[in-house]
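Residues per chain, in single letters:
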Amino acid sequence: MNDKKKGKLQIIGIVLIVSLFAVAFVTFFLGHYMAGSVLFVIFIILVNAISGWTRIKNTEYIHFKEHKYNEKW
């Protein structure tokens, strides 16, 4: 995947997450408590999945860099 598509997907993902958060609160405060709660739970699950995936990528990156550094010596 080239960098332009990856950047567009990241921007779309950020907009989706922020809009889901806003819609959840607006729905909740308009009195639709069940729908607002469901949207907020979906938001939390989505953010948790993305943060876990990013943590795994960062851990692999750090491991790779340490391994590459140790090979030089």
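A brief structural summary.

## Looking at the overall build of the protein chain
Assigned secondary structure in the protein chain consists of two helices and zero strands. For the protein chain, the proportion of its 73 residues judged to be buried stands at 8%. Counting only carbon and sulfur atoms, one obtains 71% of the accessible surface of the protein chain, whose full area is about 6600 Å².

## Here's the deal with the packing of aromatic side chains
Throughout the structure, instances matching the rule amount to eight aromatic pairs. Geometrically, the ring pair formed by Phe-21 and Phe-40 is tilted, given 6.3 Å between the ring centres and 45° between the ring planes. Of the two residues, Phe-21 is situated in helix 1 (residues 3-29) and Phe-40 in helix 2 (residues 33-72); the sequence distance between them amounts to 19 residues. Note on Phe-40: relative accessible area 32%, which makes it partly exposed. Aromatic side chains Phe-28 and Tyr-33 sit 5.2 Å apart centroid to centroid with 75° between the ring planes, which places their arrangement in the edge-to-face category. With relative accessibility at 53%, the residue Tyr-33 sits in the exposed group. Clustering of aromatic rings is evident, with ring pairs tying together Phe-21, Phe-25, Phe-28, Phe-29, Tyr-33, Phe-40 and Phe-43.

## Topic: the environment of Ala-24
Counting through the fold element by element, Ala-24 comes out in helix 1. Once the C-alpha coordinates of Ala-24 and Ala-35 are considered, the two residues, eleven residues apart in sequence, prove to be 7.7 Å apart. Setting aside its immediate chain neighbours within four residues, Ala-24 contacts Gly-36, Leu-39 and Phe-40.

## Quick notes on the environment of Leu-20
Tracing the sequence through the fold places Leu-20 in helix 1. In sequence terms Leu-20 and Ile-42 are 22 residues apart; their C-alpha atoms lie 8.4 Å from each other. Beyond its immediate chain neighbours, meaning those up to four positions away, Leu-20 contacts Leu-39, Ile-42 and Phe-43.

## Observations regarding a nonpolar patch on the surface
Together, Phe-21, Phe-25, Phe-28, Phe-29, Tyr-33, Phe-40 and Ile-44 make up a nonpolar patch on the protein surface, roughly 700 Å² of accessible area in all. Sorting the residues of the nonpolar patch by element identifies helix 1 and helix 2 as the ones contributing at least two each. No other element matches the four residues that helix 1 contributes to the nonpolar patch. With respect to the element layout, Phe-29 can be found in helix 1.

Basis of the calculations
Residues numbered from 1 in each chain as written. Predicted model: local features only at pLDDT ≥ 70, side-chain atom pairs only at ≥ 80, totals over all residues. Heavy atoms only, no water. Helix = DSSP H or I, 4+ residues; strand = E, 2+ residues; numbered from the N terminus. Buried < 20%, exposed > 50% of the residue type's maximum accessible area, 1.4 Å probe, protein only. Areas by Shrake-Rupley, 256 points an atom, 1.4 Å probe, with all protein chains shown as cover. Phe/Tyr/Trp six-rings, centres within 6.5 Å; stacked < 30°, edge-to-face > 60°. Contact = heavy atoms within 4.5 Å. Patch = residues over 30% accessible without salt bridge, like charges linked within 9 Å, V, L, I, M, F, W, Y side chains within 5 Å. Salt bridge = Lys/Arg side-chain N within 4 Å of Asp/Glu carboxyl O.

Shape is all these values report; function is a separate question.
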